[in-house]
Amino acid sequence: MTETDLPSTARRALLRHGTVGALVLGGLPAQAAPIVLHDALGRRVVLPAPPQRIVTIFSSNTELVVSLGMLDRIVGVEDFTRFPPEVQRIAKVGGRLGFSADAVVAQRPDLVVVTPARQAAHQLVAPMERIGVPILVLLSRSLDEVLGNVRLIAQAGGVPERGEALAGRLQARLTAVDARVAGRTLPSMLMLTGRLGNGMLLVARADTYTGEAMLRAGGRFALAGAGVVPQVSPEAVLAADPDVLLFAGAQDALRDLVAQPGWRDMRAVRAGRAVTVSRSEFLIPGPRTVDGVEKLAQWLHPA
């Protein structure tokens, strides 16, 4: 694949900002050793030097880079990234309707960080590989994988000691939660993460980092056999009748839901144990997930 094989708009962007080689190698001291990484897809990713212009696709990846003190290196984000507030001034490269390789290239990145959701990896990995821009694919299927991503991004950024320190602190906090809930009676829990137009509900599943966070906080699943699709009927939720109902969203939306026929008779609602939790803490995998685990454990199992 040569530069002439690229889409014309991407070629024009490269011509404006320099050659592909300059994108990747500009300013690199001759003696610097490259950084060699392997991402969640098993891809070998080589960085000639610690990246100084990073495009992060999805809030979780932005938060990882920011948590390691590299906010000033981010030059492009997804449209719906909101945290920290400083990202509002950063260029947007796509969102709900897709991701633009041209918009990414226009930011002259020396690293793109992406997660395979909403076709983002499909739309960006191959184009970035063709033009020689390193792209790192992350997955967050468990809390261990979240901590691994902290270390991986720190290695990519040339600050591995920051990654080890942050991951160590987060692991220590999780270990403290484990000690807190050990031996306690575990309430049955169900977390609703959304409502669909067809009346179906989205729930947190056991084989996700969100589900693991619920377990680490000291609960057990009321719908243990939910399967791979996170959609369930309201009838299934009512039949499960959990001790605790968690709603990842606004209080008004929860109040509207539990006011519907049948819901007010649910065990969790009658006991005042239908509560909201922060979407940013339970649905965006990163350091703030540990905040959510700690808060939920403290509420479920007071000292």
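Residues numbered from 1 in each chain as written. Predicted model: local features only at pLDDT ≥ 70, side-chain atom pairs only at ≥ 80, totals over all residues. Heavy atoms only, no water.

S.K.: Looking at this structure, how should I read unusual backbone geometry?
M.R.: Generally, phi is negative for residues other than glycine and the peptide bonds are trans, each holding for most cases. Omega for the bond connecting Phe83 with Pro84 falls within 30 degrees of zero, at -5°, which places this linkage in the cis form. With respect to the helices and strands, the residue Pro84 is situated in the loop between β4 (74–77) and β5 (91–92). The backbone phi angle of Arg108 is positive, close to 50°, even though this residue is not glycine. Note on placement: Arg108 falls in the loop between α4 (101–106) and β8 (111–114). (Helix = DSSP H or I, 4+ residues; strand = E, 2+ residues; numbered from the N terminus.)

S.K.: Whenever I open this one, the pattern of salt bridges confuses me. Can you help?
M.R.: Once their charged atoms are close, side chains differing in charge can pair, the charge on each being opposite to the other. Enumeration according to the criterion identifies 15 salt bridges in this entry. The partner of Asp178 in a salt bridge is Arg216, and the shortest N-O contact between them spans 2.8 Å. Within this pair, whereas Asp178 is found in helix α7 (residues 160–181), its partner Arg216 is found in helix α8 (residues 209–216), the two being separated by 38 residues in sequence. The class for Asp178 is partly exposed, based on a relative accessible area of 30%. (Salt bridge = Lys/Arg side-chain N within 4 Å of Asp/Glu carboxyl O. Buried < 20%, exposed > 50% of the residue type's maximum accessible area, 1.4 Å probe, protein only.)

S.K.: How do you make sense of the nonpolar core when you look at a structure like this?
M.R.: Nonpolar side chains in soluble globular proteins tend to be buried together. In this structure, Leu136, Ile153, Met191 and Leu246 are the most contacted members of the largest nonpolar core, which totals 50 residues. Broken down by element, the residue count for this core peaks at 7 residues, all from helix α6 (residues 143–156). Residue contacts for Ile153: discarding those within four places in its chain leaves Leu64, Val65, Leu68, Met70, Val113, Leu136 and Leu138. One finds Val75, Phe99, Ala121 and Val133 within the second-largest nonpolar core, a separate group that totals 19 residues. (Core = buried A, V, L, I, M, F, W, Y, C linked by side-chain atoms within 4.5 Å. Contact = heavy atoms within 4.5 Å.)

S.K.: Quick question: what am I supposed to make of α8 here?
M.R.: In terms of residue burial, α8 counts as a mostly covered element, since 7 of its 8 residues are buried. For α8, the full list of buried residues reads Tyr209, Thr210, Gly211, Glu212, Ala213, Met214 and Arg216. Looking at the buried side of α8, the elements it contacts are α6, α7, β10 (188–195), β12 (220–221), α12 (279–282) and α13 (287–300). Two residues or fewer after α8 comes Gly218, characterised by a positive phi angle close to 105°.

S.K.: It is not clear to me how the packing of aromatic side chains should be interpreted in this structure. Could you clarify?
M.R.: Given two aromatic rings, one states the distance between the centres and the angle between the planes to describe the pair. Taken as a whole, this structure holds 1 aromatic pair when the rule is applied. With a centroid separation of 5.6 Å and an interplanar angle of 80°, the aromatic rings of Phe58 and Phe99 are classed as edge-to-face. Residue Phe58 is located in the loop between β3 (54–56) and α3 (59–67), and its partner Phe99 is located in strand β7 (residues 98–99); the two are separated by 41 residues in the primary sequence. The pair formed by Phe58 and Phe99 is uniform in burial state, with each residue classed as buried. Sitting over the face of the ring of Trp299, Arg273 holds its NZ or CZ atom 5.0 Å from the ring centroid. Seen from the ring of Phe83, Arg288 lies directly overhead, with NZ or CZ sitting 3.8 Å from the centre. (Phe/Tyr/Trp six-rings, centres within 6.5 Å; stacked < 30°, edge-to-face > 60°. Lys NZ or Arg CZ within 6 Å of the ring centre and 35° of its normal.)

S.K.: Where do I start with the pairing of β4 in this structure?
M.R.: Every other side chain in a regular strand lies on the same face of the sheet, so the side chains alternate between the two faces. Sheet analysis places β3 next to β4, joined by 3 bridges and oriented parallel. The residue of β4 that forms the bridge with Thr56 is Val77. Note that the unit made of β3, α3 and β4 has a crossover that is right-handed. Where β4 and β5 come together, 2 bridges link them in parallel fashion. The residue bridging Val77 from the neighbouring strand is Lys92, located in β5. (Pairing = 2+ DSSP bridges. Right-handed = clockwise from strand over helix to strand, strands pointing away.)

S.K.: Mind showing me how you'd approach the environment of Gly163 here?
M.R.: For Gly163, the location among the structural elements is in helix α7. With relative accessibility at 0%, the residue Gly163 sits in the buried group. Taking the C-alpha atoms as reference points, Gly163 and Gly148, 15 residues apart in sequence, are found 8.9 Å from one another. Excluding residues that lie within four positions of it along the chain, Gly163 makes contacts with Leu68, Val150, Arg151 and Ala154.

S.K.: How do you make sense of the sheet that holds strand β9 (residues 135–137) when you look at a structure like this?
M.R.: Sheet strands pair by backbone hydrogen bonding; their relative direction is either parallel or antiparallel. If you trace the 5 strands from one edge of the open sheet to the other, you get β5-β4-β3-β8-β9, paired in parallel fashion. Of all strands in the sheet, those bounded by a partner on one side alone are β5 and β9. The strands touched by helix α5 (residues 120–131) are β8 and β9; relative to β9, the strand with the most contacts, the crossing angle is about 150°. (Axes fitted to C-alpha atoms, helices over the stretch in contact; angles between N-to-C directions.)

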